Amino acid sequence: MADHNHDHAHDEGRGHDDGQLPERQAKDALAEVAGPRLQSLVLKDGVATLVLEVHGLNRLERDRLEIAVRDALRPLAAVRETRIAMTAEKPRRRIVAVGSGKGGVGKSTLSANIAIALSRQGRKVGLVDADIYGPSQPRLMANEGQRPEAKESKLIPVASPWGVPILSIGHLVPPGQAIAWRGPMTANAMGQLIDAEWGDADIIIVDLPPGTGDVQLTMIQRHKPVGAVIVSTPQDLALMDATRAIQMFESGDVPIIGMVENMAGYLCPHCGEASDPFGQGGCEAAAKAMGHAFLGRVPLDIAIRQDSDAGRPPAAFDGPQGEAFAAIARRVAAWLDEQK
Ligand code: ADP
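Residues numbered from 1 in each chain as written. Predicted model: local features only at pLDDT ≥ 70, side-chain atom pairs only at ≥ 80, totals over all residues.

## Quick notes on the pairing of strand β9 (residues 203-207)
A regular strand places its side chains on the two faces of the sheet in alternate fashion. Here is the rule: Three classes are used. A residue is buried when 20 or more other C-beta atoms lie within 10 Å of its own, exposed when 12 or fewer do, and partly exposed in between, with C-beta atoms placed from the backbone. Helical segments are the DSSP runs of H or I of at least four residues, strand segments are the runs of E of at least two, and each set is numbered from the N terminus. For two strands to pair, DSSP has to find at least two bridges joining them.
Where burial is concerned, most of β9 is hidden: five out of the five residues are buried. Of the two faces of β9, both are covered, the one formed by Ile203, Ile205 and Asp207 as well as the one formed by Ile204 and Val206. Relative to β9, strand β4 (residues 94-100) is paired through five bridges, and the arrangement is parallel. Bridge pairing in β9 links Ala97 to Val206. Sheet topology places strand β5 (residues 125-129) next to β9; five bridges connect them, and they run parallel. Across the sheet, the residue bridging to Val125 is Ile203, located in β9.

Structure, rendered in structure tokens:
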């Protein structure tokens, strides 16, 4: 994913004595050749020291990457020498953020079930519950009350019966406590949840709080999700809020993987009649209008709420509800595969 902030840096009109500017230019120059493999870059006294994450690359590919990086930095006047360190220790972990404009639209339900569906499709997935207003993943994933252990100051995610390890704010503090957190505390907690001992999980689904606050900004700036899934109900008001969430991700250079319409169409469990309490199709139309993909639709279905509350996520089982989530997960997986 290229990060073209080049012009930006000039527009800001900062003087050349600002040490940040050449470093920023160096990073911009590497965006195309190194992408997310660039772990860090420090430019001091004309020496650029950078760390490249090379997990999964063979010898030849690593050599090519090194040459491309050196070539990209050579034209920069501020870089006299380039020092490269390569690390292949951890699997390249990709964060997929799940966001919504407002609460109660089913973002947590979607996050949990997409994670489980991806896992059933053979992916190695972890789930982070960053919703400080209502961390509901421990209940949804049936591991409420458990506490994560720590190894060498890193948290070890809590296992769930569905093969998806999870870490939740709700595993760390009593309900309601995290809401009062200020920026630095939230940022710290996010860091602990994300930089945990995730083992071989290479996709981390992050259930963000609704809206566009501190947690979302920390996630975007520090942890750089590869993409975001936006959940909305079909009615206009919810869609307007969703649009704000989309704009927040876009302004942080996080691509929108697509939108999901939840609670679309109600099938009465008694008479079987279909109705549309929140309308239907609004989300797909909105996605289209904004030029984003539509990932799928989950009906308003009392079984989804009952099973979720009982810690039996529908995606873990076969059936129409599970299939709705599986279809969405397949589209997310296809998007991730395209980015490789
Ligand atoms: P959010 O994370 O957006 O606040 P939740 O995932 O916690 O929303 O969902 C809010 C409530 O709606 C929960 O009780 C959940 O079980 C229920 N719910 C979510 N999606 C559906 C659906 N498609 N059908 C029925 N109930 C749903």
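## Re the site of the ligand
So the rule is basically this: Each residue receives a C-beta atom built from its backbone; the residue is near a molecule or strand if that atom lies within 6 Å of it. All amino acids are sorted into three groups, where Ala, Val, Leu, Ile, Met, Phe, Trp, Tyr, Cys and Pro are nonpolar, Asp, Glu, Lys and Arg are charged, and the leftover types, Gly among them, are polar.
Taken together, 18 residues are adjacent to the ligand, and Gly106, Lys107, Ser108, Thr109 and Arg305 come closest. Of all the secondary structure elements, the ones that give two or more residues to the shell around the ligand are α4 (107-120), β11 (256-267), β13 (294-300) and α11 (302-309). Here the residues of the shell around the ligand sort into six nonpolar, nine polar and three charged.

## Some remarks on the domain arrangement of the chain
Heads up, the rule is: Each domain's extent is set by a domain assignment, obtained either automatically or from a database.
Its domain assignment divides the chain into domain 1 (6-87) and domain 2 (94-339). Spacing between the C-alpha centres of domain 1 and domain 2 amounts to 33 Å.

## Some remarks on the nonpolar core
Heads up, the condition is: The term nonpolar core refers to a group of buried residues, namely Ala, Val, Leu, Ile, Met, Phe, Trp, Tyr and Cys, whose C-beta atoms join them within 7 Å. In this description, any two residues whose backbone-derived C-beta atoms lie within 7 Å of each other are considered to be in contact.
Grouped together as the largest cluster of nonpolar side chains are 73 residues, with contacts concentrated most on Val96, Ile114, Ile205, Val206 and Val229. Here Val96 is in contact with Ile203, Ile205, Val206, Pro225, Val226, Gly227, Val229, Ile257 and Val332, once residues within four sequence places are set aside. Among the nonpolar cores identified, the runner-up in size contains twelve residues, and Ala29, Leu30, Ala34 and Leu52 belong to it.

## Observations regarding the sheet that holds strand β3 (residues 81-87)
Where we set the bar: Axis definition: a line fit to C-alpha positions, over the contact stretch in the case of helices; interaxial angles, taken between N-to-C directions, run 0 to 180 degrees.
Pairing in this open sheet of three strands is mixed, and the strands run β1-β2-β3 from one edge to the other. Of all strands in the sheet, those bounded by a partner on one side alone are β1 (38-44) and β3. Averaged over all neighbouring strand pairs, the angle between strand axes comes to 15°, with direction disregarded. Sheet topology note: the strand β2 (residues 47-53)/β3 ladder contains seven bridges and is parallel. From the neighbouring strand, Glu53 faces β3, where its bridge partner is Thr87.

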